[in-house]
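# A look at the structure
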Amino acid sequence: AQSVTQLDSQVPVFEEAPVELRCNYSSSVSVYLFWYVQYPNQGLQLLLKYLSGSTLVKGINGFEAEFNKSQTSFHLRKPSVHISDTAEYFCAVSRNNNDMRFGAGTRLTVKP
Amino acid sequence: DTEVTQTPKHLVMGMTNKKSLKCEQHMGHRAMYWYKQKAKKPPELMFVYSYEKLSINESVPSRFSPECPNSSLLNLHLHALQPEDSALYLCASSQQGFDYNEQFFGPGTRLTVL
């Protein structure tokens, strides 16, 4: 079965600094990869997804991620964060349409 | 309309109560999902309905009973819950019939079992 590991449970950064949230996956077959964001007391919102094609994926709110098959990674990056980016970020993997598995999450805290 | 709505937003119930959570979407999606999310944990898949039929049940206890009365509605009936069932319950929906379809999540129902 597929799974994901988010390497950092908490990432504190200062406003306007760059950030990288790390995600590694394991699967014996091709998978789809996603990053979701969850603001306090809200549901999940899709930031970006990798299905196939270009390994650099651009998402909403200035985020991007790079799929690296050899390192089985899908790290999320943003060149300059804002206070409003403070949230929980989940990496997820899916092998088919209905079976999505989430990583443990990374709490991003942006400080002024 | 690209929204998944869930009611109620909050629910407090005793261990002997019977209650239901409701989820609704009008995007024409034919797959609907229930997830359970404990505090500071990722969502865990509970049930998947595909074309109004239960397709995945992740070994969820029988005190949780899902129902999909039509393609727009998804219910989760609760009976004789335990305090450890307190969590955020998320509903999601997606299209069917393609290699991959994005799941759209509702805001969740925060359930507290006393």
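Use the structure listed above.
Remember, it's a predicted structure, so these values are computed and weren't measured experimentally.

Analysis parameters
- Residues numbered from 1 in each chain as written.
- Chains lettered and ligands numbered in written order.
- Predicted model: local features only at pLDDT ≥ 70, side-chain atom pairs only at ≥ 80, totals over all residues.
- Heavy atoms only, no water.
- Helix = DSSP H or I, 4+ residues; strand = E, 2+ residues; numbered from the N terminus.
- Rg over C-alpha atoms; globule rule 2.2 N^0.38 Å.
- Buried < 20%, exposed > 50% of the residue type's maximum accessible area, 1.4 Å probe, protein only.
- Contact = heavy atoms within 4.5 Å.
- Areas by Shrake-Rupley, 256 points an atom, 1.4 Å probe, with all protein chains shown as cover.
- Lys, Arg positive; Asp, Glu negative; His and termini not counted.
- Charge placed at Lys NZ, Arg CZ, Asp CG, Glu CD.
- Core = buried A, V, L, I, M, F, W, Y, C linked by side-chain atoms within 4.5 Å.

Each helix and strand counted, chain A has zero helices and twelve strands in total. Its helices and strands in sequence order give chain A the pattern β-β-β-β-β-β-β-β-β-β-β-β, from N to C terminus. Computed over C-alpha atoms, the radius of gyration of chain A comes to 13 Å, within 12% of the 13 Å expected from 2.2 N^0.38 for 112 residues, which places it in the range of a compact globule. If one aligns the C-alpha atoms of chain A with their principal axes, the spans along those axes are about 45 × 30 × 20 Å. Considering chain A as a whole, with its 112 residues, one finds that 48% of them fall into the buried category. Taking as baseline every contact in chain A between residues at least 6 positions apart, the subset at least 24 positions apart corresponds to 54%. Carbon and sulfur atoms form 49% of the exposed surface of chain A, whose accessible area is close to 5300 Å². On chain A, the mean spot of the 10 positive side-chain charges and the mean spot of the 9 negative ones are 7 Å from each other.

All names here are of chain B. By the element assignment, Val12 lies in strand β2 (residues 10-13). For Val12 and Asn101, which are 89 residues apart along the polypeptide, the C-alpha to C-alpha distance reads 34 Å. Beyond its immediate sequence surroundings of up to four residues, Val12 is in contact with Thr112 and Leu114.

What follows deals with the nonpolar core. In this structure, Leu33(A), Trp35(A), Leu47(A), Leu48(A), Phe74(A), Leu76(A) and Tyr89(A) are the most contacted members of the largest nonpolar core, which totals 28 residues. Of all the elements, strand β10 (residues 87-94) of chain A adds the most residues to this core, at four residues. Those residues in contact with Phe74(A), other than ones at most four positions away along the chain, are Cys23(A), Leu33(A), Phe34(A), Trp35(A), Leu48(A), Lys49(A), Tyr50(A), Val57(A), Ala65(A), Glu66(A) and Phe67(A). Membership of the second largest hydrophobic core comes to 23 residues, among which are Met13(B), Leu21(B), Leu76(B) and Leu111(B).

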